Amino acid sequence: MNLKVQIVLISLLASSFVNGQEKNKRPNILVIMFDDAGLDMSAYGSTFVKTPGFDAIAKEGILFNKAYTPNAKCAPSRAAFITGRNSWQLDAAANHVIYFPSKFKTYQEVLQENGYSTGHTGKGYGPALTLTAGGSQRDVMGSAYNEKILKPATTSIGPNDYSANFENFLDKTSTDQPWSFWLGTIEPHRGYEYGSGARLAGKSTDMIKNFPPYWPDNETTRNDLLDYAYEIEDTDRHIQKVLKTLQERNLLEHTLVVVTSDHGMPFPRVKGNQYENANHVPMAMLWRGKSKTKIVDDYISFIDLAPTLLEVAGVDWETSGMHPSPGKSLMNIITSEKTGQIESDRNFVLVGKERHDTGRPNDVGYPIRGIYKDSMLFLKNYEIDRWPSGNPETGYLNTDGSPTKTEILNLRRKGTNKLFWRLNFGKRASEELYNIRKDPFCINNLADKISFEALKTQLKSEMESKLLQQNDLRMQGFGHLYEANPFTRNIDFYGRFMAGEETSSGWVNESDFESNFVDGEGNNLKKVVLGAKVIGKD
């Protein structure tokens with residue numbers, strides 16, 4: 001055999017070996033998580049947000065039209081994603097700002113145990129403390145990669161160079177090892193640099209075509225939305241860089257990319273609620289060569305993601321150490337040739353909340369359960385004497401401070417308009433029913449309409465039956481146990497604030513705190529007294 005033939009054969013064998021390695025190597029996994037972004041991506045038709053990175057994934061891969069988080073607040077939403085369990089199945093992790101129960105494993109921990117290199121940058125799971133049973137720090141999302149920083153475009157955007165930190169992770173991971181990485185931005189979380197959307201992106205208020213009817217429509221609120229849009233676009237620029245990195249390293253064909261957000265926008269009546277714009281999240285996936293380009297109309301819940309990612313990695317859920325999940329892997333949808341509704345039984349999602357931010361007497365929450373099914377939403381509010389967004393005298397702490405919030409509060413205080421206040425902060429009926437297709441902003445409550453009584457009863461019964469199957473303590477008369485789990489900070493905020501003690505509430509504005517107690521219709525009652533001090537002026 002001459003030397004030339006030998007060289008050709010060796011080259012063919014080497015090529016065969018490398019191709020075989022690539023074929024047998026387990027897929028990589030990349031999750032990109034926005035912080036507080038709603039369906040405001042141009043792939044969904046937004047007129048004031050441009051997201052070419054997200055759109056590229058949706059165009060070549062899969063765009064999900066009905067993806068939902070079970071709980072529209074950062075920590076409980078992310079807990080559902082990483083464990084595959086609904087909030088009411090997660091003990092303390094049903095809540096916000098808590099100690100994450102050591103008994104629950106996350107998909108990242110399982111992947112690491114099964115040979116994956118794991119890591120994250122930016123915001124992973126939280127806000128919460130993640131400790132082992134012995135009290136030591138626990139990395140539920142893998143090692144942190146936050147060394148690379150940049151000069152942000154505004155004072156409100158964080159300095160984390162997310163895409164560069166992802167590259168740093170790749171550089172430190174062996175090319176022979178599969179990896180799973182979580183890229184979590186802190187945008188478009190509050191606060192914003194007011195006017196940045198117009199100043200830096202050339203946006204104008206008339207670009208917003210479908211303005212929410214539960215806010216006053218003016219220059220201030222519209223500019224607030226444009227600033228939110230600019231921060232979404234800032235994250236999208238990182239998505240574009242990440243896609244370029246994957247392409248240049250020949251990794252796109254062997255990586256499942258998932259892009260989504262933990263819940264809807266950080267505005268009144270959205271984040272922290274269970275209405276359509278709160279729970280409905282953007283989601284797109286790309287697994288080049290594996291996923292088929294399609295638009296999916298099945299109802300998808302965050303609890304489906306952990307089962308999906310473990311199946312992608314070839315890890316058996318039953319022997320993984322993960323607690324049982326009511327979620328269902330999306331692999332059939334990912335690989336399906338169909339579009340639209342792919343699996344007929346994916347026709348509902350369950351949602352709910354317990355306690356989010358502090359600010360009520362005795363650190364109680366505002367418990368809700370709900371079901372989305374066939375474009376209808378049924379909600380059950382269990383403690384309607386409580387304030388949905390937190391007590392007025394402690395600043396409605398479950399709604400982030402913002403120009404939009406301030407506008408709504410001032411309209412009530414001036415006596416100009418109380419309707420917006422009632423829609424955003426007022427007390428609620430025990431049952432709510434909405435036709436999402438006709439009323440996506442959830443304004444017209446159909447729960448008391450006789451013509452909808454049978455449908456409401458059917459949805460309520462189905463919801464409660466499914467919740468009982470999932471051992472929801474609130475269905476068993478023990479819902480108060482969720483609230484018994486302590487905050488990691490701001491414990492008894494209400495009691496300490498009312499006693500005149502120094503408290504910390506940096507996520508709202510000082511002007512959010514009402515100087516009068518308020519009734520359910522938005523009328524002022526007696527003055528608020530802190531210890532021996534009356535706050536506010538007559």
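Thresholds applied
- Residues numbered from 1 in each chain as written.
- Predicted model: local features only at pLDDT ≥ 70, side-chain atom pairs only at ≥ 80, totals over all residues.
- Heavy atoms only, no water.
- Helix = DSSP H or I, 4+ residues; strand = E, 2+ residues; numbered from the N terminus.
- Buried < 20%, exposed > 50% of the residue type's maximum accessible area, 1.4 Å probe, protein only.
- Contact = heavy atoms within 4.5 Å.
- Axes fitted to C-alpha atoms, helices over the stretch in contact; angles between N-to-C directions.
- Parallel < 35°, antiparallel > 145°, perpendicular 65-115°, else oblique.
- Nonpolar A, V, L, I, M, F, W, Y, C, P; charged D, E, K, R; others polar.
- Arc of directions from axis to C-beta.
- Lys, Arg positive; Asp, Glu negative; His and termini not counted.
- Salt bridge = Lys/Arg side-chain N within 4 Å of Asp/Glu carboxyl O.
- Core = buried A, V, L, I, M, F, W, Y, C linked by side-chain atoms within 4.5 Å.
- Pairing = 2+ DSSP bridges.
- pLDDT = per-residue confidence, 0-100.
- Phe/Tyr/Trp six-rings, centres within 6.5 Å; stacked < 30°, edge-to-face > 60°.
- Lys NZ or Arg CZ within 6 Å of the ring centre and 35° of its normal.

Focus: the environment of Met 322
Part 1 of the reasoning: Within the secondary structure, Met 322 is located in the loop between helix H9 (305-312) and helix H10 (331-335).
Part 2 of the reasoning: The exposure class assigned to Met 322 is buried, which follows from its relative accessible area of 7%.
Part 3 of the reasoning: Apart from the residues lying within four places of it in its own chain, the contact partners of Met 322 are Ile 82, Thr 83, Lys 105, Thr 106, Tyr 107, Val 110, Ala 306, Leu 310 and Trp 317.

A closer look at the packing of helix H2 (residues 52-60) against helix H7 (residues 219-248)
Part 1 of the reasoning: It is the contact of H2 with H7, at a shortest axis distance of 7 Å, that shows an interaxial angle of 50 degrees. What the angle tells us is that H2 and H7 run oblique. Only Asp 236, Ile 239, Gln 240 and Leu 243 of H7 make contact with H2, whose side of the interface consists of Pro 52, Gly 53, Phe 54, Ala 56 and Ile 57.
Part 2 of the reasoning: When the residues that make up the contact of H2 with H7 are grouped by side-chain class, the tally is six nonpolar, two polar and one charged.

So, helix H11 (residues 403-413)
Because an α-helix completes one turn every 3.6 residues, residues spaced three or four positions apart along the sequence face the same direction.
Part 1 of the reasoning: All buried positions along H11 are accounted for by Thr 404, Lys 405, Ile 408, Leu 409, Leu 411 and Arg 412. The buried residues of H11 occupy one face: seen down the axis, they fall within an arc of 160 degrees.
Part 2 of the reasoning: As for H11, its buried residues are in contact with H7, helix H12 (419-425), strand E18 (516-518) and strand E19 (524-527).
Part 3 of the reasoning: A positive phi of about 75 degrees marks Gly 415, the residue just after H11.

Some details on unusual backbone geometry
Part 1 of the reasoning: Residue Pro 188 is bonded to the preceding Glu 187 through a cis peptide linkage, with omega at 5 degrees.
Part 2 of the reasoning: Relative to the helices and strands, Pro 188 is located in the loop between strand E8 (179-184) and helix H6 (196-201).
Part 3 of the reasoning: The residue after Arg 190, namely Gly 191, is reached through a cis peptide bond having omega -5 degrees.
Part 4 of the reasoning: With respect to the helices and strands, the residue Gly 191 is situated in the loop between E8 and H6.
Part 5 of the reasoning: Positive phi values are uncommon outside glycine, yet Asn 250 reaches one of about 55 degrees.
Part 6 of the reasoning: By secondary structure assignment, the location of Asn 250 is in the loop between H7 and strand E9 (255-261).
Part 7 of the reasoning: Accessibility expressed as a relative area gives 60% for Asn 250, which makes it exposed.
Part 8 of the reasoning: Not every positive phi belongs to a glycine, and Asp 492 is a case in point at roughly 55 degrees.
Part 9 of the reasoning: The residue Asp 492 is located in the loop between helix H14 (480-483) and helix H15 (493-498) in this model.

Remarks on the environment of Tyr 494
Part 1 of the reasoning: Tracing the sequence through the fold places Tyr 494 in helix H15.
Part 2 of the reasoning: What makes Tyr 494 buried here is its relative accessible area of 13%.
Part 3 of the reasoning: Along the sequence, Tyr 494 and Lys 151 sit 343 residues apart, while their C-alpha atoms lie 38 Å from each other.
Part 4 of the reasoning: Setting aside chain neighbours within four positions, we find Tyr 494 in contact with Gly 359, Arg 360, Pro 361, Asn 391, Glu 393, Thr 394 and Phe 517.

Side note on the side chain of Asp 161
Part 1 of the reasoning: Topologically, Asp 161 is positioned in the loop between strand E7 (143-144) and helix H5 (162-171).
Part 2 of the reasoning: This buried residue, Asp 161, is left without a salt bridge; Lys 241 holds the nearest opposite charge, at 5.1 Å.
Part 3 of the reasoning: With residues up to four places along the chain from it excluded, the contact list for Asp 161 reads Lys 148, Ile 149, Leu 150 and His 238.

Notes on the nonpolar core
Part 1 of the reasoning: Leu 30, Phe 166, Trp 179, Trp 215, Leu 225 and Leu 246 are the most contacted members of the largest nonpolar core, which has 55 residues in total.
Part 2 of the reasoning: Sorting elements by how many residues they give to this core places H7 first, with nine residues.
Part 3 of the reasoning: Not counting chain neighbours up to four residues away, the residues in contact with Trp 215 comprise Leu 225, Met 265, Phe 267, Pro 268, Val 270, Thr 404, Ile 408, Phe 420 and Asn 424.
Part 4 of the reasoning: Counting residues in hydrophobic clusters, the runner-up holds 46 residues, among them Val 31, Phe 104, Tyr 116 and Val 312.

Topic: the sheet that holds strand E2 (residues 62-64)
Part 1 of the reasoning: Taken together, the eight strands give an open sheet; going across it, the order is E7-E5-E8-E1-E9-E11-E2-E12, and neighbouring strands pair in mixed fashion. The open sheet terminates on both sides in strands that have one partner only, identified here as E7 and strand E12 (294-296).
Part 2 of the reasoning: Of the pairings in the sheet, the one linking strand E1 (residues 28-34) to E9 comprises seven bridges and is parallel in character. When the bridges of E9 are listed, Asn 28 appears paired with Thr 255.
Part 3 of the reasoning: Against the sheet, H7 makes contact with E1, E8 and E9, and its axis sits at roughly 170 degrees relative to E1, the strand it touches most.

Looking at the confidence of the model for the chain
Part 1 of the reasoning: The predicted model of the chain averages 94 in pLDDT, with 94% of residues at 70 or higher.
Part 2 of the reasoning: The low-confidence segment residues 1-23, where pLDDT is below 50, has three contacts with residues more than four positions distant or belonging to other chains.

What to know about the packing of aromatic side chains
Part 1 of the reasoning: A complete count under the given rule lists 23 aromatic pairs for this structure.
Part 2 of the reasoning: When the ring of Phe 166 is compared with that of Phe 181, the centres are 5.4 Å apart and the planes differ by 45 degrees; the resulting orientation is tilted. With Phe 166 in helix H5 and Phe 181 in strand E8, this residue pair connects regions lying 15 residues apart in the sequence. Phe 181 matches Phe 166 in its accessibility class, with the two residues each being buried.
Part 3 of the reasoning: Aromatic side chains Phe 211 and Trp 215 sit 5.9 Å apart centroid to centroid with 80 degrees between the ring planes, which places their arrangement in the edge-to-face category.
Part 4 of the reasoning: An aromatic cluster is present here, built from Phe 211, Tyr 214, Trp 215, Tyr 228, Phe 267 and Phe 441 joined pairwise through their rings.
Part 5 of the reasoning: In this structure, Arg 412 packs its charged tip against the face of Trp 421, placed 5.9 Å from the ring centre.

Thoughts on the pattern of salt bridges
Side chains that differ in sign of charge can pair as their charged atoms come close.
Part 1 of the reasoning: Summed over the entire model, instances satisfying the criterion amount to 37 salt bridges.
Part 2 of the reasoning: Measuring nitrogen to oxygen at the nearest pair gives 2.8 Å for the salt bridge that ties Glu 109 to Arg 138. Note that Glu 109 is positioned in helix H4 (residues 107-113) and Arg 138 in the loop between strand E6 (128-130) and E7, a separation of 29 residues in sequence. Both residues of the pair, Glu 109 and Arg 138, belong to the buried class.
Part 3 of the reasoning: Arg 422 serves as the salt-bridge partner of Glu 521, at 3.9 Å between the closest nitrogen and oxygen. Of this pair, Glu 521 sits in the loop between E18 and E19 while Arg 422 sits in helix H12; the two residues are 99 residues apart in sequence, bridging distant segments of the chain.
Part 4 of the reasoning: Bridged by salt links that share partners, the residues Asp 304, Lys 328, Glu 343, Asp 345 and Arg 346 form one connected network.

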